[in-house]
Amino acid sequence: MNAFVDMQDLLLDFLNEAGELLDGVDLQLIELEGRTDDLDLLNAVFRGFHTIKGGAGFLEAAALVTVCHRAETLLDLLRSGKLQLTAEVLDVILAATGEVRRMFEEMGGFAQPDPAPAQLIAQLEALAQGRPISPAATQATTGNAPKTSDSVAADEPDWAALYAAIAGAPPATQASTPVAAPARAANPPHTSAKNGNGGAPAQKETTLRVDTHRFDQILNLSGEIGLTKNRLMCLKRDLQRGGSEGDALKALDGAVDELDMLVSDLQNAVMKARMQPVGRVFQKYVRLTRDLARQLGKEIDLVLVGEETEV
């Protein structure tokens, strides 16, 4: 059943805006791991959760509001200095962003999202109250437990074997019987494509963000092309009336050259408007790399790709 009957356009706008905001939050959290005392980064992450919570509240997505509120409370304590940011705390916050992303996917199918796991909510509350949580519980929630080939779930890659292959070390012996997948896998989240029981399929994104400077450039070039077109029409009438042929042809030649230049500039401006920062293509792998490193117990230095480069 469509849970957002009267606000589908508003929902799609929210998912578009909030999805980009969440991508930024993920990157800021990973950047924060190397700069735990950076208050500006903490404030930016806090504002991201706060903004998403506000939009979710307007859409009456209670499950999304709950997880954002718990993460927001924890982040507020971190930025006030009442709590210390550690790798384990960051794991739990990143697990919260993962749940938010999962809820976005379910809302993309116009359905209310399922609540976040009770264990994650309990961990967020425990950390906010200054109570420690066991590493095992953190690893169970975030999936960051170091795994060997003997403990790999049936539905996920063998990260340890992958690392061993890359590093040139022999992989651990694989167990003859794979371990059963986590319990949550038995109840997969809603997919964007619903069945025929009244659910609406998720709509593909049909909008594109264009920098205002480039948009103004396109408008200006369009206006100049219109003026040049009017000039060509006037020259055509002069030639038809038998005016000074030499002067008219010279003016016509100049107008055609100007039109050619303006059309080329317009084509370039439109192509640049369609281009997107290449950083967005690669930045989604930063979270994956960080999680893989945590699973393997490795220290890595992540270099974020700048957004000024475009494709």
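Each residue is numbered by its place in its chain's sequence as written, counting from 1. Since the coordinates come from a predicted model, pLDDT governs what is reported: local features require at least 70, and pairs of side-chain atoms require 80 or more to be given and counted, while whole-chain, interface and lining totals use all residues. With hydrogens and water excluded, all non-hydrogen atoms of the structure serve as input to the side-chain values.

## As for the overall build of the protein
Working step 1: Each helix and strand in the protein was counted, giving ten helices and zero strands.
Working step 2: Looking at the protein as shown, the accessible area adds up to about 18400 Å², and 56% of this sits on carbon and sulfur atoms. The helix and strand labels rest on DSSP assignments: H or I over at least four residues marks a helix, E over at least two residues marks a strand, and numbering proceeds from the N terminus. Note on areas: these come from Shrake-Rupley sampling with a 1.4 Å probe, and a residue is covered only by the protein chains present in the view.

## A word on the packing of aromatic side chains
Working step 1: Side-chain rings of Phe, Tyr and Trp, where Trp is taken by its six-membered ring, are said to pair if the distance between their centres is within 6.5 Å; with planes under 30 degrees apart they count as stacked, over 60 as edge-to-face, and otherwise as tilted. Throughout the structure, instances matching the rule amount to one aromatic pair.
Working step 2: Their ring planes at 90° and their centres at 5.9 Å tell us that Phe-14 and Phe-104 sit as a pair that is edge-to-face. Note that Phe-14 is positioned in helix H1 (residues 8-34) and Phe-104 in helix H4 (residues 87-108), a separation of 90 residues in sequence.
Working step 3: Burial here depends on accessible area, computed with a 1.4 Å probe over protein chains only, as a share of the maximum for the residue type. Under 20% is buried, over 50% is exposed, and the range in between is partly exposed. When its relative accessible area of 12% is taken as the criterion, Phe-14 is described as buried.
Working step 4: Sitting above the plane of the Phe-46 ring, Arg-79 keeps its charged end 3.6 Å from the centroid. As a reminder, the over-ring test applies to NZ of lysine and CZ of arginine, requiring each to be within 6 Å of the ring centre and within 35 degrees of the ring normal.

## A closer look at the confidence of the model for the protein
Working step 1: Per-residue pLDDT for the protein averages 76, and the proportion of residues at 70 or more is 68%.
Working step 2: Under a pLDDT of 50 for its full length, residues 173-202 has, in the predicted model, 46 contacts with residues more than four places off or in other chains.
Working step 3: For every residue, the pLDDT score states the predictor's confidence, bounded by 0 at the bottom and 100 at the top. The criterion used for residue contact is that any of the two residues' heavy atoms lie within 4.5 Å. This stretch, residues 305-311, has a pLDDT under 50; its non-local contacts, to residues over four places away or in other chains, come to 21 contacts.

## Some points on the packing of helix H2 (residues 39-58) against helix H3 (residues 62-79)
Working step 1: Axis separation between H2 and H3 bottoms out at 9 Å; the angle between their running directions is 160°. By the angle between their axes, H2 is roughly antiparallel relative to H3. For the pair H2 and H3, the crossing hand works out as left-handed. Within the contact between the two elements, H2 uses Leu-39, Leu-42, Asn-43, Val-45, Phe-46, Phe-49, His-50, Ile-52, Lys-53, Ala-56 and Gly-57 and H3 uses Leu-64, Val-65, Cys-68, His-69, Ala-71, Glu-72, Leu-75, Asp-76, Leu-78 and Arg-79.
Working step 2: Residues belonging to the contact of H2 with H3 are distributed by class as follows: 13 nonpolar, four polar and four charged. Interaxial angle, 0 to 180 degrees, is taken between N-to-C directions of lines fitted to C-alpha atoms, where a helix line uses only the stretch in contact. The labels follow the angle: roughly parallel below 35 degrees, roughly antiparallel above 145, roughly perpendicular from 65 to 115, and oblique for the rest. Note: crossing handedness is left-handed where the near helix turns anticlockwise from the far helix by less than a right angle, and right-handed where it turns clockwise. As a working rule, the residues Ala, Val, Leu, Ile, Met, Phe, Trp, Tyr, Cys and Pro are called nonpolar, Asp, Glu, Lys and Arg charged, and the rest polar, with Gly in that last group.

## A short note on unusual backbone geometry
Working step 1: Phi at Glu-60 is positive, roughly 60°, even though this residue is not glycine.
Working step 2: One non-glycine residue, Phe-110, lies in positive phi territory at about 60°.
Working step 3: Looking at the secondary structure, you find Phe-110 in the loop between H4 and helix H5 (118-128).

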